[in-house]
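Residue-level structure breakdown
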Amino acid sequence: MAFDVAAVRGLFPALGDGWVHLDAPAGMQVPEQVATAVSTALRAPVSGPGGIFPASQRAEAIVDAARRAIADLVGADPAGVVLGPSSAVLLQRLADALGDGWMIGDDVVVSRLDHPANVAPWQRAAQRSGGSVRWAEVDIETCELPTWQYRELVTPRTKVVAITAASGAVGTRPDVRQAAEAAAEHDALVVVDASAAAPFVPLDITAMGADVVAVNASAWGGPPVGALAFRNPAMLDQLPSVALEPGVRGPERMELGPHAYPLLAGVVSSVDYLAALDDAAVGPRRERLLTSLGSVKAYQAGLLANLTNGLRRLRHVMVIGDAMRRVPSMAFTISGVKAEDAIEHLAERGVCAFADPGTHGVFAVLGVGEVGGAVRVGLAHYTNAGEVDQLIRAVAELG
């Protein structure tokens, strides 16, 4: 494995601002090659698809390349990749389309660990149809999502099981496969939000048992573009179309209006960037992605362990959760210090972090709001050991 964080840092012009960017849960900074791909596509003649002239053919080629890039990332078929402005928008479209066929008494299963983007659309769809929402709960000590509960939660009336591949709040990576197996027993659709996992771990839609996987390119340094990958592309032709043009088939049925072609060019470049994070990776892009993200996973595990141990040595700090499998996102509370005050202190020392009031999702279950909220940080591909130490020192000053 050959992951060189110093070389990776050199790919990001934004890191020249002098700040320690531990704000990755909101989206990583953009590599130079991605910005160049977008600007190049903006300068090139690009038209709408369907024409026989070069500018139109270029638009079609960009869309096709973006579908193939996302398919390589998640191990899917390009014919099943839907593109749009964000995974949140696309998940809402999917919930609207599926919910039209639900009846009173049908239900959906969502989890306390998930981002609202993979919860709220299903809640609304169930409410419109007169259905119900069942909740998979987290272990309040570890922030694990026990998958045994899905055997009890999923019933013959369950239409969708929505679950995250990784929490961008506390880092937990649940066993999606086990939850999917419980859903399969009752033919429930499994929708996996992999936005927080995609930058750090190899993904395989089939191995997860997912029917649909959602990702956001901004999570790994791409442009603001989302995607849904369907394991069975034929399912798209069974959904009500939201397209402006009648009679379209495949992914276009879930795509509203023209694409932002320069941003899609950036998506392709961003997946190529991921595939090259390990300079020893060889072979087709899918194989290079698996190698590179395996190396990223190993590097981040060491960095996250140092951060976790460093914060836990501070008596005034409580790290939230202790899951066995994690991505490098973390939340913690500081005794006697509100999260908003803590992030102001960190900003004064050049560290980017977020405050969460503790009113939603896993934080609401844990009662984080009662202690002034939580500080949220997330490591990126370009985070180094010195930046982790800088965060620990700054938090130590608050004791």
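Conventions and cut-offs
In this numbering scheme, every chain counts its residues from 1 along its sequence in written order. This being a predicted model, a pLDDT of at least 70 is required before a residue's local features are given, and a value of 80 or more before pairs of side-chain atoms are given or counted; all residues contribute to the totals for chains, interfaces and linings. Calculation of side-chain values draws on the structure's entire complement of heavy atoms; hydrogens and water are dropped beforehand. UniProt positions are given in the numbering used here, feature names are shortened, and annotations may be inferred rather than shown by experiment. Numbering of helices and strands runs from the N terminus; a helix is a DSSP stretch of H or I covering at least four residues, while a strand is a stretch of E covering at least two. Whenever a carboxyl oxygen of Asp or Glu lies within 4 Å of a side-chain nitrogen of Lys or Arg, that contact is scored as a salt bridge. Three exposure classes are used, based on accessible area relative to the maximum for each residue type with a 1.4 Å probe and protein chains only: buried under 20%, partly exposed in between, and exposed over 50%. The criterion for strand pairing is that DSSP finds at least two bridges linking the strands in question. Orientation is described by lines fitted to C-alpha atoms, with helices fitted over the stretch in contact, and by angles between N-to-C directions that extend from 0 to 180 degrees. Here is the rule for angles: anything less than 35 degrees is roughly parallel, anything more than 145 is roughly antiparallel, 65 through 115 is roughly perpendicular, and the remaining ranges are oblique. Take the far helix as the reference: if the near one is turned anticlockwise from it by less than a right angle, the crossing is left-handed, and if turned clockwise, right-handed. Whether two residues are in contact is decided by their heavy atoms, any of which lying within 4.5 Å being enough. In this classification, Asp, Glu, Lys and Arg are treated as charged, Ala, Val, Leu, Ile, Met, Phe, Trp, Tyr, Cys and Pro as nonpolar, and every other residue, Gly included, as polar.

**Structural notes on the UniProt feature "domain: Aminotransferase class V" (unreviewed entry) in the protein**
The residues that UniProt annotates with the feature "domain: Aminotransferase class V" (unreviewed entry) are residues 20–232 and 295–391. The straight-line gap between the two end C-alpha atoms of residues 20–232 is 42 Å; of that span, 34% is helix and 18% is strand. The span residues 295–391 is 42% helix and 20% strand, and its two end C-alpha atoms sit 24 Å from each other.

**Structural notes on the pattern of salt bridges**
Evaluation of the coordinates by the stated rule reveals 19 salt bridges. A salt bridge links Asp64 to Arg68, with the shortest nitrogen-to-oxygen separation between them at 3.0 Å. Taken together, the residues span about one helical turn, with Asp64 and Arg68 both in helix α3 (residues 54–74) at a distance of 4 residues. When its relative accessible area of 44% is taken as the criterion, Arg68 is described as partly exposed. Between Glu181 and Arg177 there is a salt bridge; the shortest N-O distance is 3.4 Å. Linking Glu181 with Arg177, this pair stays in helix α7 (residues 176–184), spanning 4 residues, or about one helical turn. Overall, Glu181 belongs to the partly exposed group, its relative accessible area being 35%. What makes Arg177 partly exposed here is its relative accessible area of 37%. Linked by salt bridges that have partners in common, Arg151, Arg177, Glu181 and Glu185 make up one network.

**What to know about the sheet that holds strand β12 (residues 354–356)**
Hydrogen bonds between backbone atoms are what pair the strands of a sheet, whose relative direction is either parallel or antiparallel. If you trace the 4 strands from one edge of the open sheet to the other, you get β9-β10-β13-β12, paired in antiparallel fashion. The outermost strands of the open sheet, each flanked by one partner alone, are β9 (317–319) and β12. Strand after strand, the sheet turns through a mean of 35 degrees between neighbouring axes, direction not considered. Sheet analysis places β9 next to strand β10 (residues 329–334), joined by 3 bridges and oriented antiparallel. Residue pairing for β10: Val319 is matched across the bridge by Phe332.

**Quick look at the packing of α3 against helix α10 (residues 285–312)**
Packing of α3 against α10 brings their axes to within 8 Å, and their N-to-C directions diverge by 45 degrees. If you check the angle between α3 and α10, you find them oblique. Remark: the crossing between α3 and α10 carries right-handed chirality. Contact with α3, carried on its side by Ala65, Arg68, Ala69, Asp72, Leu73 and Val74, involves Arg285, Arg286, Leu289 and Leu293 of α10 and no other residues of that element. Its residues assigned to classes, the contact of α3 with α10 comprises 6 nonpolar, no polar and 4 charged.

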